[in-house]
Amino acid sequence: MGSGLIERSTFLGSSKVHTFYQKTNQLFWVNSVSQKRRVGLRRKAVGVKPVVAAISENLVRAVVPEKAVKYKVRGVVTVRNKNKEDLTETLFKHFDAFTDKIGRNVVLELVSTEIDPKNKAPKKSNQAVLKDWSEKSNLKTERVNYITEFTVDSNFGNPGAITVTNKHQKEFFLESITIEGFASGPVHFPCNSWVQSSKDHPAKRIFFSNQPYLPSETPSGLRALREQELKDLRGDGQGVRKLSDRVYDFDVYNDLGNPDRGIDLTRPTLGGQKIPYPRRCRTGRLPTDTDMHAESRLEKPLPMYVPRDEQFEESKMNSFSNGRLKGTLHNLLPSIKANISADNHNFKGFSDIDSLYSEGLFLKLGLEDDLLKKLPLPKVVGKIQQSSQGDLLKYNTPKILSKDRFAWLRDDEFGRQAIAGVNPVTIERLEVFPPVSKLDPQIYGPQESALKEEHILGHLNGMTVQQVLTHGYALDENKLYIVDYHDIYLPFIDRINALDGRKSYATRTVFFLSPLGTLKPVAIELSLPLAGPTSRSKRVVTPPVDATTSWIWQLAKAHVCSNDAGVHQLVNHWLRTHATMEPFILAAHRQLSAMHPIFKLLDPHMRYTLEINGLARQSLICADGVIEACFTPGRYGMEMSAAAYKDFWRFDLEGLPADLIRRGMAVPDPSQPHGLKLLIKDYPYASDGLMIWSAIKNWVQTNVTRYYPDSAQVCNDKELQAWYAESINVGHPELRHEAWWPTLATPDDLTSILTTIIWLASAQHAALNFGQYPYGGYVPNRPPLMRRLIPEEGDPEYKIFMADPQKYFLLSLPSLLQATKYMAVVDALSTHAPDEEYIGERNHSSIWTGDAEMVEGFFGFSAEIGRVEKEIEKRNSDPTLRNRCGAGVLPYELLAPSSEPGVTCRGVPNSVSI
């Protein structure tokens, strides 16, 4: 602040506006006023009222150009309270309020953007304390504003950082700090971080203002702090991490098994040359007793380590999504298991399944389980109803049953879900017929499919298959599509089928595109590994012609859905949106300063991902976890996920346009709005997704253009290059030499990489996650596993099937225990939290950055997302779009951006947070 910048005070006594002018300061005065005008104009553009600085009249009279004078500026510190505290926290809170009065305070210090020429160190204010901590310690409000006052010299310059020391016993959540009193207006520090007690973490916490700086543009006073903060976040890679730590580091997946409890719970390490896999967040836990290479387990409900600021906030922990997920996993499932008797494992009829929604599941809760009633349960448990018989666990009716209870039986609905269901990302255009496997024929038998022209000729309008494939594009007749799970399942089928209560095929399903734009399944191939030179390993099932083939066809579709559920959960959902994103997030925190504009862009899209992935390792994808218990691949599920990572996953093809082209679902067409032409016009996931993709890309491009006018800026940004290099070389090390990794050398490269990451974290994850209960909550529609193969004439089970095909079908589905466990979990996974932050929204939307141009750009992005939502609503009312509108047809809303809390089958959160 120059001695000439004198304005009206917002909190000091003088009410006059004073003008001061010195010839020696003439140039500085003119530049400062010019800068002030620019800031004011920006503020006006985004609707933020400027706050002017203040110095008293007496101070003005005392100023001389040769000597700096001291003056005071005010800070407003916003701390977020916990809604619920345990006894220990309450005691510490009262103790801190007492010791605060005797000097054990929260201490803050302002750091200037400028260097003091005398000591060659950043200019600093005096140390200031929060004045009213003890007086406000009993306030029950969600947020408490504390006041502090700093003394600075008149030549202090602009504040760029604040250091905070917490001398209390208890951590606190620092939401933001606003400093008033400088001529340029209020300076905002969005913090959103837990500040630990100095007894546990002696180093001062560093918070930067919201002004973004590229590394090369960092003001001299902030350079050392920028480096120090990143060094603190990287840690030293040693030791066991404490829950209060803020260290981001990499490790392999060596914590999924529990060899100390027996060989059945041993699982291979994922990550390394033997089984490539992305890296996860390092916890540093000690190895197991029986395997020095396996990390010891931390069983629920003990919390897994993730950096402190990545842990769920209190509202999130208490929400449907996660607090209730933990309640489900820790309490509900064991109760279900204990209360389903051994002679009641199977559904006797479809009415048994319906009764889960209408009547409920009888739970004979013991006294020790009374605590269950006091815990937050998932919305799937509409309520535990008291009855004369005991407690009933009721499930909410899934959306698939809401418009047509029998829709799941229809072939057109089976086809519709391939492009508008919960897993619309596997279907591809059939380009080679018969399909050919890429597996080693020496191990897995002939590569040729058993599918023949005669299986599908009746659906091709008189054309042969080869005519359709060869001439179809020219005739605009791309009619054949396939969902192919042959190669991903076949290497595991023998091991899966050896598991108790699991039976599976490796399936291929061929669809025909009707003139109305709907898909009809025309053939299903069911493959088993060769058992001998004369064994029949492949079987083709076609649409039914009588009662017997109707049941065979229904069983075949159920096996396809079982295959689909496994690949959806372990590959498309977990691997492609959770696991492969974690390295990019870890590297971002380690290599990009909080003041880096690209970190500010990515920040809302990284929220909670490390925590939910840690919970998944603890309870979902671990040995004997929910995924193993409920899905076809069982204990081999994560190995299947790793095989897909090694053979299929490519970052350069994970963006929506590239993925659609890879699968043959679209062709490049510059005349189209998104540069693509969809071969199935009514492909709801793709058509809605392209609108969101374009909005994200435009927003990213706005940021990139603002900070990177040319390629030199991209190449010379050491933090940006370090982030991308570490994401690949350390986060995906087994694939680091692959030629397909995009280079990061131009603004266009950066735009493409960032758009892909934000797409995967937001819209792609939403499309794959929030329909799980709406579609899978009715198990016959989407069984997560099957327990019987389809019998053929001569098989011992064929007579049983012929005698009672409905009973055989129900025996093939998951058991009552498996089904109810699966339903409870996918409901929790499909639930939006009350504090969900959706695409087009962000915390502190007006001050997340100090760059007014980017604040305004974000509001433009938000408005574009609003227009996307309206267009989706319009499409869902268009009767010509039969895959999303019609009698009994569910609208496609999984990419509709906003949502209410709960299970809604819509809403696109910013990040992978469940």
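Presented here is a report on the structure given in the accompanying data block. Predicted, not measured: the structure shown is a model, and the values here were computed from it.

1. Points about the packing of aromatic side chains
Now for step 1: As enumerated under the stated definition, the model contains 33 aromatic pairs in all.
Now for step 2: An angle of 75° between the planes, with centres 6.4 Å apart, marks the rings of Tyr485 and Tyr489 as edge-to-face.
Now for step 3: Residue classification places Tyr485 among the buried positions, given a relative accessible area of 1%.
Now for step 4: Their ring planes at 65° and their centres at 5.6 Å tell us that Trp699 and Phe858 sit as a pair that is edge-to-face.

2. Things to note about the packing of helix 14 (residues 547-579) against helix 24 (residues 747-769)
Now for step 1: Following both chains from N to C, one finds helix 14 and helix 24 inclined at 165°, their axes separated by 10 Å at the closest point. In terms of axis orientation, helix 14 runs roughly antiparallel to helix 24. In this structure, helix 14 crosses over helix 24, and the sense of that crossing is left-handed. On the side of helix 14, the interface is formed by His568, Asn572, His573, Arg576, Thr577 and His578, while helix 24 contributes Leu760, Gln764, His765, Leu768 and Asn769.
Now for step 2: In terms of residue class, the contact of helix 14 with helix 24 is made up of 2 nonpolar, 8 polar and 1 charged.

3. Quick notes on the sheet that holds strand 19 (residues 538-541)
Now for step 1: Strand order in the open sheet made by the 5 strands is 15-16-17-18-19, with antiparallel pairing throughout. Two strands close off the open sheet at either side, each with one partner strand: strand 15 (428-429) and strand 19.
Now for step 2: Taken together, the 5 bridges between strand 16 (residues 480-484) and strand 17 (residues 506-513) define a ladder with antiparallel strand orientation. Each residue of the ladder has a partner; that of Val483, found in strand 17, is Thr509.
Now for step 3: Its contacts with the sheet place helix 9 (residues 411-420) against strand 17 and strand 18 (519-527), and it is angled at close to 85° to strand 18.
Now for step 4: Of the strands in this sheet, strand 17, strand 18 and strand 19 are in contact with helix 14, which crosses strand 18 at around 80°.

4. A short note on the pairing of strand 7 (residues 172-180)
Now for step 1: In terms of burial, strand 7 is largely enclosed, as 9 of its 9 residues are buried.
Now for step 2: Of the pairings in the sheet, the one linking strand 7 to strand 8 (residues 187-195) comprises 7 bridges and is antiparallel in character. Residue pairing in the sheet places Ile179 in a bridge with Val187 of strand 8.
Now for step 3: The turn linking strand 7 back onto strand 8 is made up of 6 residues, and Gly181 within it adopts a positive phi angle of 135°.

Scoring rules and cut-offs
Residues numbered from 1 in each chain as written. Predicted model: local features only at pLDDT ≥ 70, side-chain atom pairs only at ≥ 80, totals over all residues. Heavy atoms only, no water. Phe/Tyr/Trp six-rings, centres within 6.5 Å; stacked < 30°, edge-to-face > 60°. Buried < 20%, exposed > 50% of the residue type's maximum accessible area, 1.4 Å probe, protein only. Axes fitted to C-alpha atoms, helices over the stretch in contact; angles between N-to-C directions. Helix = DSSP H or I, 4+ residues; strand = E, 2+ residues; numbered from the N terminus. Parallel < 35°, antiparallel > 145°, perpendicular 65-115°, else oblique. Left-handed = near helix turned anticlockwise from the far one by under 90°. Contact = heavy atoms within 4.5 Å. Nonpolar A, V, L, I, M, F, W, Y, C, P; charged D, E, K, R; others polar. Pairing = 2+ DSSP bridges.

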